[in-house]
Amino acid sequence: MSAVTGEGNYEYVSARVRTRRATLFSDDDYRNLIRMGLGEIARFMEESTYEREVNALGTRYDGADLIEYALNANLARNFDDLLSWADGRLYEQIARYLRKFDAWNVKTVLRGIYAGADAESIEDDLIQAGEFSEELLDSLLEVNSIEGVVERLEGTIFGEPLSEALRDYEESDLLVPLENAADRTYYEYLMEDISDADDRATTLYVEFLEAEIDFRNVRNALRIARSGADIDVADYYIDGGRLFDAAEIETLAGSTDELIARLRDSRYGNQLSAALDELEEAESLVGFERAVEAALLEYSDHLSKVYPLSVCPVLAYVLAKEREVDNIKAIVRGREAGLAPERIEEELVIL
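To keep things clear, this report deals only with the structure shown in the data block. All figures in this text were calculated on a predicted structure; none of them were measured in a lab.

As for the packing of helix 1 (residues 10-21) against helix 5 (residues 63-85)
Helix-helix packing: each pair is described by the crossing angle between the helix axes and the interaxial distance. One way to put it is that helix 1 packs onto helix 5 with a least axis distance of 10 Å and a crossing angle of 160°. As judged from the angle between their axes, helix 1 and helix 5 are roughly antiparallel. Between helix 1 and helix 5 lies a crossing of right-handed hand. Each of Tyr 12, Val 13, Arg 16, Val 17 and Arg 20 in helix 1 lies in contact with helix 5, whose residues at this interface are Asn 78, Asp 81, Leu 82 and Trp 85. Its residues placed into classes, the contact of helix 1 with helix 5 shows 5 nonpolar, 1 polar and 3 charged.

Right, dumping it as structure tokens:
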């Protein structure tokens, strides 16, 4: 990341982001896509903001491959645009935040190898929106073992934490230790040297990140608690949130009702009433996780409206754009698998 100076052009970037956000697919669009075939979905995307990517890739791919490659390319282009618009501290904040896609790519490669997927299938899910070079990503696709991936990542911010988590992976044969190491490293990197800052721009940045970490801890704790594995939830707690400490999140992970009650009484409660109602009604872990993601989106929207001339609208847009891409991918994979529309909709994050 290059050195930057100045506070940043928040008003200009926020205006550009509002325009982009207005073009995102609506919940009604998702419900229509669920009932389309893959060719119809591609044509629908060609008539939207994905036109450039669908046309550019249409000579090489078709069907699900075309849609997924177009989604990833469009996501990367949109986030490159954010960086091209931003100056000063705002640029630095966005660039640091977008390293979440480095963590995503690490986890994607690990999951692919763990599942026995081929390199081409893994590559389909990589998103070049972080700081990893194309050469590094290509080198990760060349290895065929978890240990090999960890070795290739030496020298990156993920190298040492993944090496330390490797033993837990080998003992449990679960990816949870490695995935959590990637997430924790990313958030530690984000919060480094900024949590004690007292200027308004940094305070709002920290508030947004604290919320994301709180919701990440909720999701991770539930995932670990319901995996049945002999793993201490507190060991995978991510520092930097505001709502829970490690001991409390471990206790709450065993009781969905207590967790929801804690969230209702928290700083997020007023804005998340409807989302928390959905959490109470969720019957499965997948449903609960979708509701947690929806709750985070709702809270990010709240911050972007309260602080419109800050980094908050930009980061809220990043989350909303991710949601769009994830929802379309879930629809495409559901259609490929022949799932009923009602079953596919259960996989979507709909507000």
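Re the environment of Leu 141
Looking at where Leu 141 falls in the secondary structure, it is placed in helix 9 (residues 134-142). The spatial distance from the C-alpha of Leu 141 to the C-alpha of Asp 118 is 8.8 Å, given a sequence separation of 23 residues. Excluding residues that lie within four positions of it along the chain, Leu 141 makes contacts with Ala 119, Ile 122, Glu 123 and Leu 126.

What about unusual backbone geometry?
The backbone of Asp 173 sits at a positive phi, close to 55°, despite the residue not being glycine. Looking at where Asp 173 falls in the secondary structure, it is placed in the loop between helix 11 (159-172) and helix 12 (176-191). For Asp 173, a relative accessible area of 47% corresponds to the partly exposed category.

Considerations on the pattern of salt bridges
Throughout the structure, instances matching the rule amount to 25 salt bridges. With its nearest N and O atoms 3.7 Å apart, the salt bridge here joins Arg 152 to Glu 142. Of this pair, Arg 152 sits in helix 10 (residues 146-152) while Glu 142 sits in helix 9, and the two are 10 residues apart along the sequence. For Arg 152, a relative accessible area of 36% corresponds to the partly exposed category. A residue is classified by how much of its surface remains accessible, and Glu 142, at 59% relative accessible area, is exposed. For Glu 210, the salt bridge is made with Arg 267, and the minimal N-O distance between the two is 3.6 Å. Highlighted residues: Glu 210 in helix 13 (residues 200-225) and Arg 267 in the loop between helix 15 (256-264) and helix 16 (273-281), separated in sequence by 57 residues. Note on Glu 210: relative accessible area 14%, which makes it buried. It is possible to trace a salt-bridge network through shared partners that takes in Arg 290, Glu 293, Arg 343, Glu 346 and Glu 347.

Comments concerning the nonpolar core
Of all hydrophobic cores here, the largest spans 118 residues; its most connected members are Met 45, Phe 79, Leu 82, Tyr 97, Leu 178 and Ile 328. Broken down by element, this core gets its largest block of residues, 13 residues, from helix 13. With sequence-adjacent residues up to four places away left out, Leu 178 is seen in contact with Leu 110, Ile 146, Val 150, Leu 162, Ala 165, Leu 166 and Tyr 169.

Rules used in this analysis
- Residues numbered from 1 in each chain as written.
- Predicted model: local features only at pLDDT ≥ 70, side-chain atom pairs only at ≥ 80, totals over all residues.
- Heavy atoms only, no water.
- Axes fitted to C-alpha atoms, helices over the stretch in contact; angles between N-to-C directions.
- Helix = DSSP H or I, 4+ residues; strand = E, 2+ residues; numbered from the N terminus.
- Parallel < 35°, antiparallel > 145°, perpendicular 65-115°, else oblique.
- Left-handed = near helix turned anticlockwise from the far one by under 90°.
- Contact = heavy atoms within 4.5 Å.
- Nonpolar A, V, L, I, M, F, W, Y, C, P; charged D, E, K, R; others polar.
- Buried < 20%, exposed > 50% of the residue type's maximum accessible area, 1.4 Å probe, protein only.
- Salt bridge = Lys/Arg side-chain N within 4 Å of Asp/Glu carboxyl O.
- Core = buried A, V, L, I, M, F, W, Y, C linked by side-chain atoms within 4.5 Å.

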